[in-house]
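# Structural characterization, general
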Amino acid sequence: MRAHIFHRLTYQYADPVTLGEHRLCLKPRGQGFQRLLEHQLMVLPEPSQQRELLAASGDEILRLNFFGSTDRLCFEARSCVETRPAPPLEICFNGLEPSLPYPRGQLNQDLLGALEGWLPNGQHEPAAIDLTQEALMGSNQQTLAFLMQLIGLIQDRVKYTQRHLGPAWPAGRTLRERIGSCRDLAMLMVTCCRVVGLPARFVSGYQLLDPAPEHYDLHAWAEVYVPGAGWRGFDPSAGSEVNERYVVLATSSKAALTAAVSGTFSGPPQTESELSWSISVQEEPIPAKAANALIQAA
């Protein structure tokens, strides 16, 4: 499918402030099962310096610096993206679906950062380990069955709710509260996959719903590195593997590094800021010629 996405964020400050460095993850992924056809970004006030960077995850991010003071900061990103379905996981294994737990020694060393636990010593939270073991026992230690069993358990144990502010909760808190946003459920799935040796990372992006909602918001899900199939997306909030109606903005082993906008400001004591945002999506069918090109490229 092809989608035109308009994403606007505005920060309004009660008093003029000086803006520190800002980090932007507003450019959709342009590789894999997603192709970026066009991307434009407008920033007001105009930055004094901007630097494009390739993150460790392979995503393109932007760092901005500003000069002077302002009481308003606005970002407008316009993107055109084409997506296509990934090959079914079953055909990626050639009859050799990996069993779990997956041995760390058989993984590419580049993936080890996506196996770390949340606790300071690198270990995983006991509550997440218990949930993982339950999913493992119900899946006969088969990878695909484990992933579906895990998603089912997450949906059974945690009630989904919207939560616009704050970072993703660690897995233990989500299980204790028995309620969580899409980013909390995504972080829970990431943690449980790591427990059984499957590298996993946090994803921020858009889920293009049909019919379209009155107001779109950013969405979060998990990407799991499945040996033999590579990085594949799973959405515990929706209860399924992701499809061509998902558009990736940013991925990272740490959820905080996928924020659409992060930065600092300084001003008078107790200066308040207010964030408003809007996301709109216009879909269009992919022309037959372009669709054939995507299939051939696959």
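Data block above holds the structure.
Each chain carries its own residue numbering, running from 1 in the direction its sequence is written. Local features in this predicted model are restricted to residues whose pLDDT is 70 or higher, and side-chain atom pairs enter the listing and the counts only when it is 80 or higher, whereas totals over whole chains, interfaces and linings include all residues. The side-chain figures draw on all heavy atoms in the structure; neither hydrogens nor water molecules are used.

### As for the pattern of salt bridges
So the rule is basically this: Basic side-chain nitrogens of Lys or Arg form a salt bridge, by our definition, when they fall within 4 Å of a carboxyl oxygen of Asp or Glu. A run of DSSP states H or I qualifies as a helix once it reaches four residues; a run of E qualifies as a strand once it reaches two. Both are numbered from the N-terminal end. A 1.4 Å probe rolled over the protein chains alone gives each residue an accessible area, and that area as a share of the maximum for its type sets the label: buried under 20%, exposed over 50%, partly exposed in between.
Under the definition given, this model contains 15 salt bridges. With a shortest N-O distance of 2.8 Å, Glu82 and Arg35 are connected by a salt bridge. Separated by 47 residues along the polypeptide, Glu82 in strand β5 (residues 69-83) and Arg35 in strand β2 (residues 34-44) bring together distant segments of the chain. Take Glu82: its relative accessible area is 1%, and that puts it in the buried class. In this structure, Glu177 engages Arg173 in a salt bridge whose closest nitrogen and oxygen atoms are separated by 3.8 Å. Placement of the pair is Glu177 and Arg173 together in helix α3 (residues 171-177), with a separation of 4 residues, close to one helical turn.

### Thoughts on helix α2 (residues 143-157)
To keep it simple, the criterion reads: Given a helix with a known number of residues, its expected span is that number minus one, times 1.5 Å. Only heavy atoms matter for contacts: two residues are in contact if any of them lie within 4.5 Å across the pair.
For α2, spanning 15 residues, the distance from its first C-alpha to its last is 21 Å, which sits close to the expected 21 Å at 1.5 Å a residue. Residues of α2 that are buried include every one of Thr143, Leu144, Phe146, Leu147, Leu150, Ile151, Leu153 and Ile154, and no others. On its buried face, α2 sits against α1 (126-137), α4 (182-195), β9 (219-226), β10 (230-235) and β11 (240-241).

### Regarding the packing of aromatic side chains
To keep it simple, the criterion reads: Aromatic pairing here means that ring centres of Phe, Tyr or Trp (its six-membered ring) are within 6.5 Å. Orientation follows from the plane angle: under 30 degrees is stacked, over 60 is edge-to-face, and everything else is tilted.
Scanning the entire structure with this criterion turns up 4 aromatic pairs. Centre to centre, the rings of Tyr11 and Phe75 are 6.4 Å apart; their planes meet at 90 degrees, and the pair counts as edge-to-face. One end of the pair, Tyr11, is in strand β1 (residues 2-24); the other, Phe75, is in strand β5, with 64 residues separating them in the sequence. Overall, the relative accessible area of 16% leaves Tyr11 in the buried class. Take Phe75: its relative accessible area is 0%, and that puts it in the buried class. Consider the rings of Tyr13 and Phe265, whose centres lie 4.8 Å apart with planes at 55 degrees: the pair is tilted.

### Digging into the side chain of Ser252
Definition in use: Whenever two N or O atoms come within 3.5 Å, that pair is a polar contact, provided that in protein one can donate a hydrogen and the other can accept it, and provided that, for residues adjacent in sequence, both atoms are side-chain atoms.
Mapped onto the secondary structure, Ser252 falls in strand β12 (residues 246-252). With a relative accessible area of 9%, Ser252 lands in the buried category. Within the structure, Ser252 has its side chain in polar contact with the backbone nitrogen of Lys254 (distance 3.1 Å). In this view, Ser252 contacts Arg201, Phe202, Leu257 and Thr258; residues no more than four positions away in its chain are not counted.

### Quick look at the sheet that holds β11
The cut-off we apply is this: DSSP calls a pair of strands paired once it identifies at least 2 bridges connecting them.
On the basis of which strands lie adjacent, the open sheet formed by 5 strands has the order β11-β10-β9-β8-β12 and antiparallel pairing. Each edge of the open sheet carries a strand with a single partner, namely β11 and β12.

### Some words on the packing of α1 against α4
The geometry of a pair of packed helices is captured by two quantities: the angle between their axes and the separation between those axes. We count it as follows: Interaxial angle, 0 to 180 degrees, is taken between N-to-C directions of lines fitted to C-alpha atoms, where a helix line uses only the stretch in contact. An angle counts as roughly parallel when it lies under 35 degrees, as roughly antiparallel when it exceeds 145, as roughly perpendicular when it falls between 65 and 115, and as oblique in every other case. Each residue gets one label: Ala, Val, Leu, Ile, Met, Phe, Trp, Tyr, Cys and Pro are nonpolar, Asp, Glu, Lys and Arg are charged, and the others, such as Gly, are polar.
Relative to each other, α1 and α4 sit at 70 degrees, their axes nearing to 9 Å. Relative to α4, the element α1 is oriented roughly perpendicular. For the pair formed by α1 and α4, the contact residues are Ala128, Ile129, Leu131 and Thr132 on the first element and Leu188, Thr191, Cys192 and Val195 on the second. Across the contact of α1 with α4, the residue classes tally to 6 nonpolar, 2 polar and no charged.

### Topic: unusual backbone geometry
Of note, the amide linkage connecting Leu44 to Pro45 takes the cis form, showing an omega dihedral of 0 degrees. The topology assignment puts Pro45 in the loop between β2 and β3 (49-54). For the bond from Leu100 to Pro101, the omega torsion is -5 degrees, close enough to zero to count as cis. Take Pro101: it is sitting in the loop between β5 and α1. In this model, Asn140 sits at a positive phi of 55 degrees, which is unusual for a non-glycine residue. Looking at the secondary structure, you find Asn140 in the loop between α1 and α2. Non-glycine residue Gln141 carries a positive phi angle of around 60 degrees. Mapped onto the secondary structure, Gln141 falls in the loop between α1 and α2. The partly exposed category is assigned to Gln141, whose relative accessible area is 39%.

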